[in-house]
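Structural characterization, general
One-letter residues, chain by chain:
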Amino acid sequence: MVMQPRLAATVMLLRNTAQQQGIEIFMVRRVVQSEFMPDIYVFPGGSASAVDKELEQSATLSVPLEHSAADPEGRTALGSGVRAAAIRELFEEGNVLLAYQQQRLLAIGAQDVPRFAEYRQRLNARGATLLDIVQAEHLVLATEQLAYFAHWITPEQLPKRFDTHFFLAAAPMEQEALYDQLETSEGLWIRPDEALKRFAEGTFPVAFPTYHQLRDLAPFATVQEVLAATQTRYVPTYQPIWLEREGGPFVYLPEDPDFLWKL
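Note that the coordinates shown come from a computational prediction; the quantities given were computed from them, not determined experimentally.

So, on to the packing of aromatic side chains. Throughout the structure, instances matching the rule amount to 13 aromatic pairs. A ring pair is formed by tyrosine 148 and phenylalanine 167, whose centres lie 5.6 Å apart and whose planes are at 40 degrees; its orientation type is tilted. Of this pair, tyrosine 148 sits in strand E8 (residues 147-153) while phenylalanine 167 is found in strand E9 (residues 162-170), placing the two residues 19 residues apart along the sequence. Look at tyrosine 148 and you get buried, because its relative accessible area is 3%. Over the aromatic face of phenylalanine 149 sits the side chain of arginine 233, whose NZ or CZ is 4.2 Å from the ring centroid.

Okay, here's the thing in structure tokens:
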């Protein structure tokens with residue numbers, strides 16, 4: 001029986017390097033004990049929930065979206081929950097909450113850090129929902145700050161399958177990205193080209209979709225440049241093909257059959 005993929009979201013948080021030598025992306029390393037993709041570097045993300053969908057269906061809790069050339073079919077339109085899931089997962093795993101407070105992007109000052117750290121702890125412990133936090137802090141989710149960048153569906157042969165939408169977001173100036181020390185064992189800012197270099201050296205393990213996102217981001221010089229590119233860049237759907245052969249299994253993309261990725 002083929003498992004149906006679960007709707008999921010991933011956020012690639014970006015910032016310009018201090019020396020203006022390209023962009024950096026925030027990545028976390030999953031703990032060795034993780035049931036899904038253990039001990040590899042990923043972008044913060046996870047499955048969408050019923051509360052995520054509820055948040056998007058409220059006209060007052062998230063910013064309305066304009067029509068996008070990246071997603072004319074409305075795969076990430078409000079109501080699916082995928083954008084709220086992206087924002088929630090980024091806060092859970094990366095400590096950054098993309099939201100507006102009093103009509104400006106949320107700033108977490110020194111006096112606010114303990115309060116938001118407690119929110120994050122309760123969220124990770126399933127003792128609170130993102131809706132609880134939004135209502136307590138009078139926030140509006142910055143759903144329009146998520147630029148749609150990629151769409152991947154897990155091969156049918158895998159026991160855990162995900163229908164994952166990848167978003168880009170510029171890191172807020174007045175928030176600090178930190179890994180959660182629960183599901184992840186490390187967090188770092190790294191240039192896409194440096195991540196690819198370290199991967200080639202065998203010191204930076206990543207998954208097949210992650211490799212492709214890093215490769216696609218590497219040519220961009222600034223965050224502004226890559227975000228502008230998403231305004232006119234249609235996002236196709238990629239579903240890797242499973243291949244059983246000696247030394248495998250492997251996956252590959254139909255448009256690039258010579259590039260086999262060992263699982």
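So, on to helix H2 (residues 82-94). In this model H2 runs 17 Å from its N-terminal to its C-terminal C-alpha over 13 residues, within 8% of the 18 Å that 1.5 Å per residue would give. Taken across its 13 residues, H2 has 13 buried, putting it largely inside the fold. After H2 finishes, the residue asparagine 95 shows a positive phi value of roughly 70 degrees.

For the rest of this paragraph, the subject is the nonpolar core. Generally speaking, soluble globular proteins have nonpolar side chains that are buried together. In terms of nonpolar packing, the biggest core is built from 42 residues, with Leu55, Leu97, Leu98 and Leu146 touching the most fellow members. Of all the elements in the fold, those that place two or more residues in this core are strand E1 (6-16), strand E2 (23-30), H2, strand E5 (99-101), helix H3 (113-124), helix H4 (130-137), strand E7 (139-141) and E9. A total of seven residues in this core trace back to one element, the largest contributor, which is H2. Counting 30 residues, the second largest nonpolar core, distinct from the first, contains Ile23, Ile25, Leu196 and Leu214.

Another aspect to go through is the layout of surface pockets. By volume, the largest pocket is sized at about 990 Å³. Lining the largest pocket are 39 residues, and of these Arg30, Phe36, Met37, Thr154 and Phe162 sit closest to its centre. Across the lining of the largest pocket, the residue classes break down as 22 nonpolar, eight polar and nine charged. The computed volume of the second largest pocket comes to approximately 490 Å³. In terms of lining residues, the second largest pocket is bounded by 21 residues, among which Glu66, Ser68, Arg83, Glu144 and Leu146 are the most central.

Put simply, glycine 248 and proline 249 share a cis peptide bond, and its omega is 10 degrees. Structurally, proline 249 can be placed in the loop between strand E12 (241-243) and strand E13 (250-253). In the Ramachandran plot, asparagine 95 falls in the positive-phi region, its phi being about 70 degrees despite a non-glycine side chain. Locating asparagine 95 in the fold gives a position in the loop between H2 and E5. Since its relative accessible area comes to 16%, asparagine 95 is described here as buried. Positive phi outside glycine occurs at glutamine 103, with the angle close to 70 degrees. Tracing the backbone shows glutamine 103 in the loop between E5 and strand E6 (104-105). Glutamine 103 sits in the exposed class, given a relative accessible area of 80%.

Rules of the game
Residues numbered from 1 in each chain as written. Predicted model: local features only at pLDDT ≥ 70, side-chain atom pairs only at ≥ 80, totals over all residues. Heavy atoms only, no water. Phe/Tyr/Trp six-rings, centres within 6.5 Å; stacked < 30°, edge-to-face > 60°. Helix = DSSP H or I, 4+ residues; strand = E, 2+ residues; numbered from the N terminus. Buried < 20%, exposed > 50% of the residue type's maximum accessible area, 1.4 Å probe, protein only. Lys NZ or Arg CZ within 6 Å of the ring centre and 35° of its normal. Expected span 1.5 Å × (residues − 1). Core = buried A, V, L, I, M, F, W, Y, C linked by side-chain atoms within 4.5 Å. 1 Å grid on protein atoms, 1.4 Å probe; cavity = no way out; pocket = protein on both sides within 12 Å on 5 of 7 lines; lining within 4 Å. Points joined across faces, edges and corners; volume = space filled by probe spheres on them. Nonpolar A, V, L, I, M, F, W, Y, C, P; charged D, E, K, R; others polar.

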